[in-house]
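Geometric and topological summary
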Amino acid sequence: MNRYSDAYRQATEQPEVFWAEQARRLPWYTPPTQVLSYDDQQHARWFSDGEFNICYAALDHHVAQGRAEQPAIYWDSPVTQSRRTLTYRELRDQVAHFAGALAGLGVRKGDRVVIYMPMIPEALVAMYACARLGAIHSVVFGGFAPHELAMRIEDAEPTVVVAASCGIEVDKVVPYKPIIDQALTQSRHQPDACVIFQRDLHPAILGARDHDWGELVANAPFAECVPVKGSDPLYILYTSGTTGKPKGVMRDTAGYAVALAYSMQTIYAMNPGEVMCTASDVGWVVGHSYIVYGPLLHGCTSVVYEGKPVNTPDAGSFWRLIETYRVTSFFTAPTAFRAVKKADPEARLLGEYDISSLKHLYVAGERLDPPTFHWLDDLLDVPVIDHWWQTETGWPIAANQPGLEAMPIKAGSASLPVPGFNVQVLDREGEQAAPMEQGSVVIRQPLPPGCLTGIWRDPQRFHSAYMAAFPGYYLTGDGGYFDETGYLFIMGRTDDVINVAGHRLSTGEMEEVVGGHPAVAECAVIGIHDALKGQVPLGLVIPKDDFSGDELTLENELIARVRETIGPIACFKQVLVVNRLPKTRSGKILRKLLRNMADGKAFGIPSTIDDPTSLEEVHAIMCDRAVGSALIRHA
Ligand code: COA
Ligand code: AMP
């Protein structure tokens, strides 16, 4: 493994030399003289004195270099039965005019713009338009409820909110305007203006501060790119932490662009002109990196898919996309393939399509479970690559890297650390764990380009959440181990974050919402195994002593409460009313034990337990209500 190990060694030992070389491939207004520097907290800053604009590098540069008529995006929307192709020139022009429109509304360099849009080309136009002006975008996923949107608006304090009039789920239209209006009613911060992209299926009624996207753009000038410093923020993307307040992960501009361009070549093995399809959403980091920015920085075409893996109309959708657009690299979450496998276990629909263009299949967002890996591996003639990353890192930390050097694939492993990520596994004492020994997965500082530069307006949280646990290391929040050959196995979170259908959610936040119900005395929300979604939340609730209502009604109210506060994406559909929760003598709820119980795993009774009968009580209720796999233990 010479090419890989040489690159890994150089990126670790001489990071400035390694990344300066990668940076030379991108167009700069002023190339950086400072490749790596540190802020006053000793966090890495990359290319901080270079002048750059990611919109220029991804669009204008390619238009100037001969890609003007090449498709930049293929939009494929089975839910509206529409398709559209935008060339690099067309996309650049739309972006430049929308940037002109935003500038007309007062958006300047450093201002924030919140974007709440489904998978339509205009979402990319809005993101690039912000980048063009040096403004900071913050995209909010459409499956979040008004309260979640309100929290993000309040924190980011946008000058403008950009939205579509609706999103479309498999069988329903989701009107966005009422969600925005409710969010703005809840938010202490008010934007100067809202821009609404009207969709034919459900146009919105506009209010006093709303502007119609089409009318605004028709009269807007063409805006040129504004050069920004390499370390200036490009976006804020909120992600779940362990508390009710999401963390505003901040991403810089040039480090991110350099990392993405590098990864397009080494991890995704893409050549300019080829087509990448990432079936995710612009509301997630995967969408930011490999629908919006990565493919276009590399001169590729990106497929923007407004549909699901199944039911729009069937489990052949992914194969159809690959055939139609001659996709080279396809990327989605394992849960999406579990949905395909469930609907079409023999993959009969695959036989209807020619997927010979496909060179590699990638999955991330959760661990690729070995059964799904083997199903895909048996089915396809191409490498099936599991790779591990997080909103915070912005690009993969560990992956098989066929563009650098093809490596053997091991089921259940994300393969090897990517050059630039000095990954280590530490035990409780902060010592390096032995091979096969599980521990906390950490990354030795400095983090490579592309990773978070902070938490928006909360440096203290940045430090306490990531940097304080093991000084000198970034704490990923994941547990795992290296095998004897250096392959990394990521086994799950070590905190209260759960992963539902590849979406990261906070059980702590759900507990705040459930605990806020007037009839609830105490509660715990845990993530339990689900065959399709990986995990789903389960709420365990103790009502107040004076509660005299119907338990089923309370359970339904709590389900509705989470749906209305966090959103349908939380998939909070199971609640059990219990009399007691198993706790330690110091009063800590034994969550791991509850999880094991629900998952049908063997569980011992810990010596620290306050009252062992509480455990049997909860277990009996779980069995009675057939929760998760709780019954298996009795079988
Ligand atoms: N806007 C509004 N509502 C949304 C939404 C959006 N953008 N996305 C999802 N929802 C809603 C769904 O309609 C569903 O609502 P319901 O409870 O009324 O049915 C709920 O949120 C849960 O959605 P989801 O988790 O997507 O479940 P599902 O059963 O509809 O679909 C999968 C299951 C596996 C097909 C789907 O989760 C999937 O495609 N996952 C891929 C994951 C992914 O892309 N992850 C990104 C990281 S790579
Ligand atoms: P997000 O920030 O939403 O991308 O979620 C990041 C989290 O998802 C990680 O911390 C992991 O817990 C999990 N994750 C993502 N990709 C993988 C993977 N390939 N293997 C295991 N866990 C993963």
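Residues numbered from 1 in each chain as written. Chains lettered and ligands numbered in written order. Predicted model: local features only at pLDDT ≥ 70, side-chain atom pairs only at ≥ 80, totals over all residues. Heavy atoms only, no water.

1. Remarks on the overall build of the protein
Along its length, the protein carries 18 helices and 32 strands. The C-alpha atoms of the protein give 24 Å as radius of gyration, which agrees with the globular expectation for 635 residues (26 Å, within 12%). Along the three orthogonal principal directions, the C-alpha set of the protein runs to about 70 × 60 × 60 Å. Buried residues in the protein amount to 62% of all 635 residues. Summing over all exposed atoms, the protein offers an accessible surface of approximately 24,000 Å²; the carbon and sulfur share of this is 49%. (Helix = DSSP H or I, 4+ residues; strand = E, 2+ residues; numbered from the N terminus. Rg over C-alpha atoms; globule rule 2.2 N^0.38 Å. Buried < 20%, exposed > 50% of the residue type's maximum accessible area, 1.4 Å probe, protein only. Areas by Shrake-Rupley, 256 points an atom, 1.4 Å probe, with all protein chains shown as cover.)

2. A short note on the packing of helix α6 (residues 146-156) against helix α7 (residues 177-186)
Packed helices, taken two at a time, are described by the angle between their axes plus the distance between the axes. Contact geometry for α6 and α7: axes closest at 8 Å, N-to-C directions at 55 degrees. Put simply, α6 runs oblique to α7. Where α6 crosses over α7, the two elements pack in a sense that is right-handed. Contacts between α6 and α7 pair P146, H147, L149, A150, I153 and E154 from the former with I179, I180, Q182, A183, L184 and Q186 from the latter. Here the residues of the contact of α6 with α7 are counted per class, giving 8 nonpolar, 3 polar and 1 charged. (Axes fitted to C-alpha atoms, helices over the stretch in contact; angles between N-to-C directions. Parallel < 35°, antiparallel > 145°, perpendicular 65-115°, else oblique. Left-handed = near helix turned anticlockwise from the far one by under 90°. Contact = heavy atoms within 4.5 Å. Nonpolar A, V, L, I, M, F, W, Y, C, P; charged D, E, K, R; others polar.)

3. Description of empty space enclosed by the protein
Summed over all chains, the structure comprises 5 cavities of 30 Å³ or more. Space inside the largest cavity adds up to approximately 100 Å³. Along the wall of the largest cavity there are 14 residues; nearest its centre are A44, R45, L447, C451 and L452. Those elements giving two or more residues to the lining of the largest cavity turn out to be β2 (44-46) and α14 (459-467). The element that contributes the greatest number of residues to the lining of the largest cavity is β2, accounting for 3 residues. The class makeup of the residues in the lining of the largest cavity is 9 nonpolar, 3 polar and 2 charged. (1 Å grid on protein atoms, 1.4 Å probe; cavity = no way out; pocket = protein on both sides within 12 Å on 5 of 7 lines; lining within 4 Å. Points joined across faces, edges and corners; volume = space filled by probe spheres on them.)

4. Notes on the site of ligand 1
Within the structure, ligand 1 sits among 23 residues, and E169, K172, K533, R563 and K573 are positioned closest to it. Contacts to ligand 1 include G143, whose backbone N or O atom sits 3.4 Å from a nitrogen atom. Here an oxygen atom of ligand 1 sits 2.7 Å away from a polar atom, N or O, in the side chain of R563. Relative to its unbound accessible surface of 950 Å², ligand 1 loses 83% to contact with the protein. A class-by-class count of the residues in the shell around ligand 1 yields 11 nonpolar, 6 polar and 6 charged. Taken domain by domain, the makeup of the shell around ligand 1 includes at least three residues from each of domain 1 (88-226) and domain 2 (501-624). (Near = heavy atom within 4 Å. Polar contact = N/O pair within 3.5 Å; in protein donor to acceptor, adjacent residues only side chain to side chain. Domains from an automatic or database assignment.)

5. A word on the UniProt feature "domain: Acetyl-coenzyme A synthetase N-terminal" (unreviewed entry) in the protein
Residues given the UniProt feature "domain: Acetyl-coenzyme A synthetase N-terminal" (unreviewed entry) here are residues 4-58. Here residues 4-58 runs as 44% helix and 15% strand, with 27 Å between its end C-alpha atoms. (UniProt positions renumbered as here; feature names shortened; annotations may be inferred.)

6. Description of the domain arrangement of the protein
How large an interface is tends to be reported as the accessible area lost when its parts come together. Per the domain assignment, the segments making up the protein are domain 1 (88-226) and domain 2 (501-624). On a C-alpha basis, the centroid separation for the pair domain 1 and domain 2 is 37 Å. In this complex, domain 1 contributes 9 residues to the contact, which on the side of domain 2 involves 8 residues. For the pair domain 1 and domain 2, the two sides together bury roughly 580 Å², of which 57% comes from carbon and sulfur. At the junction of domain 1 and domain 2, the tally comes to 0 salt bridges. Our enumeration of links across domain 1 and domain 2 arrives at 1 residue pair in polar contact (both at pLDDT 80 or more). (Buried area = accessible area lost by both parts, 1.4 Å probe. Salt bridge = Lys/Arg side-chain N within 4 Å of Asp/Glu carboxyl O.)

7. Concerning the layout of surface pockets
Considering only enclosed or pocket space, the second largest pocket measures out at about 220 Å³ in volume. Mapped onto the lining of the second largest pocket, the elements with two or more residues apiece are α3 (54-67) and α9 (254-266). Per element, the largest residue contribution to the lining of the second largest pocket is 5 residues, and it comes from α3. A class-by-class count of the residues in the lining of the second largest pocket yields 6 nonpolar, 6 polar and 2 charged.

8. Let's talk about the site of ligand 2
Contacts to ligand 2 come from 15 residues, most closely from D386, T391, D478, R493 and R504. Within the backbone of G365, one N or O atom sits 3.0 Å away from a nitrogen atom of ligand 2. One of the backbone N or O atoms of H387 is found 2.8 Å from a nitrogen atom in ligand 2. About the coverage of ligand 2: the protein hides 93% of its 490 Å² of free accessible area. Residue classes in the shell around ligand 2 are distributed as 4 nonpolar, 5 polar and 6 charged.

9. Details of the sheet that holds strand β20 (residues 384-386)
Two orientations exist for strands paired in a sheet by backbone hydrogen bonds: parallel and antiparallel. In spatial order, the strands read β5-β4-β17-β16-β18-β19-β20; together these 7 strands make up an open sheet with mixed pairing. Each edge of the open sheet is held by one strand with a lone partner, namely β5 (82-87) and β20. Strand-to-strand twist of the sheet, defined as the mean angle between neighbouring strand axes without regard to direction, takes the value 20 degrees. Helix-sheet contacts for helix α10 (residues 285-297) involve β4 (71-77), β16 (275-278), β17 (301-305) and β18 (327-332), and the interaxial angle to β17 is about 145 degrees. (Pairing = 2+ DSSP bridges.)

10. Here's the deal with the nonpolar core
With 197 residues, the main nonpolar core has F98, M117, V162, Y268, Y293, W395 and M622 as its most contacted residues. Considering each element in turn, this core owes the most residues, 10 residues, to helix α5 (residues 121-133). Residue contributions to this core reach at least three from each of two domains, namely domain 1 (88-226) and domain 2 (501-624). The next biggest cluster of nonpolar side chains, apart from the first, holds 33 residues, and it includes A279, L321, V340 and A347. (Core = buried A, V, L, I, M, F, W, Y, C linked by side-chain atoms within 4.5 Å.)

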